[in-house]
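# Chain and residue survey
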Amino acid sequence: MTHGTSQENITVQASPNLALIKYWGKSDVEKNLPATPSIGITLKNLTTTTTVARSEKDSVVVNDIPVDIERFTPFFDSLREYFDSKDCFSCYSRNNFPTSAGLASSSSGFAALAFGAGKLLDPGVSLDIISGLARIGSASAARAVFGGFVSFPSHAEHADKIHEEHFWPELRIVVVEISKTAKTISSRGAMERARLTSPFYREWCLDSEKIFPKALSALANKDLESLGPFIRSSYLKMFATMFSSEPPILYWKPESLVAIRCCEEMRLKSIGAWETMDAGAQVKIFCLEKDVSKITQVIKEALPHVGILISEPGPGPKEILQKTV
Ligand code: PMV
């Protein structure tokens, strides 16, 4: 199917999708299908801006640094196969937040890339198709193709939007930037190691299936008190597979644990601060707008040197007017 446009380039802005319920592990490594179901929120204010242009060969530059194209080859090959195209693309991408540091930059990066290249090849292409293509690059990117609240069932080819971005207007995400340095092991490598070596991996997959429908229903009710324990359970069980891998994977820094304990203490004082972490040292706290200033104050007192960003559910990828890159 060829729908090619004459448009030569496109600039897209996309945001990372942060998981409340985690994807961790692949049921099909080649197709990059998730072994566990996940639920995530696309975050406002954190953005990846990517210009995709038709070119002689594929190339990707992130924050002015050319990246190893091998990481992108399965994505570009799947894109060409789906659209029956021979086109290659050069891509320039810039994040306004730390890259490869556990802030889901690969989710916004591949979402922007799939949206941009997909729209160049067929302006009418559906978001489900774009989500499936983004998944080849990074499974969490399949979620970042949609704004608002997004689910991604295990073994599925694409994610699904469950609630639009303004569904829960009081919800906020306090991002505690513990470290700006890139992680030493990619989430891809870490989840494969967990799958192959953690004695808890199978249980993790089974347990995630049990949590998923309960979390979906707590979310549908906008009930943070019920949703919070599922958020906590999901990330801690995910890390249990990392701590029990061979060799173990340790993304946490001492400050991560300080932030976790702050949340625990706040909950004892009836402040709904529910933290999560990804493949990195950063801690992200889900809470309600009314508690943001208290939570920020507690974290700043305990960790005066960390950066704090406040986010909320935001929109999916969109084409923007091209700036000079
Ligand atoms: O999509 P990847 O390969 O970057 O993996 C993301 C994994 C987590 O961020 C830890 C969890 C998630 O669901 O986003």
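The structure under discussion appears in the preceding block.
Residues numbered from 1 in each chain as written. Predicted model: local features only at pLDDT ≥ 70, side-chain atom pairs only at ≥ 80, totals over all residues. Heavy atoms only, no water.

## Remarks on the sheet that holds strand β11 (residues 160–163)
Here we have four strands laid out as an open sheet, ordered β2-β5-β10-β11, and antiparallel in their pairing. Each edge of the open sheet is held by one strand with a lone partner, namely β2 (17–21) and β11. Between one strand axis and the next, the sheet turns through 35° on average, direction left out of account. Here four bridges tie β2 to strand β5 (residues 38–42), and the two strands are oriented antiparallel to one another. Counted as the bridge partner of A19 is G40 from β5. (Pairing = 2+ DSSP bridges. Helix = DSSP H or I, 4+ residues; strand = E, 2+ residues; numbered from the N terminus. Axes fitted to C-alpha atoms, helices over the stretch in contact; angles between N-to-C directions.)

## Overview of the packing of helix α8 (residues 254–268) against helix α9 (residues 292–302)
In the contact formed by α8 and α9, the axes pass within 10 Å of each other and the chain directions differ by 135°. The angle between the axes of α8 and α9 places the two elements in the oblique class. The hand of the α8/α9 crossing is right-handed. Here V258, A259, C262 and M266 of α8 come into contact with α9, specifically with I295, V298, I299 and A302. Across the contact of α8 with α9, the residue classes tally to eight nonpolar, no polar and no charged. (Parallel < 35°, antiparallel > 145°, perpendicular 65-115°, else oblique. Left-handed = near helix turned anticlockwise from the far one by under 90°. Contact = heavy atoms within 4.5 Å. Nonpolar A, V, L, I, M, F, W, Y, C, P; charged D, E, K, R; others polar.)

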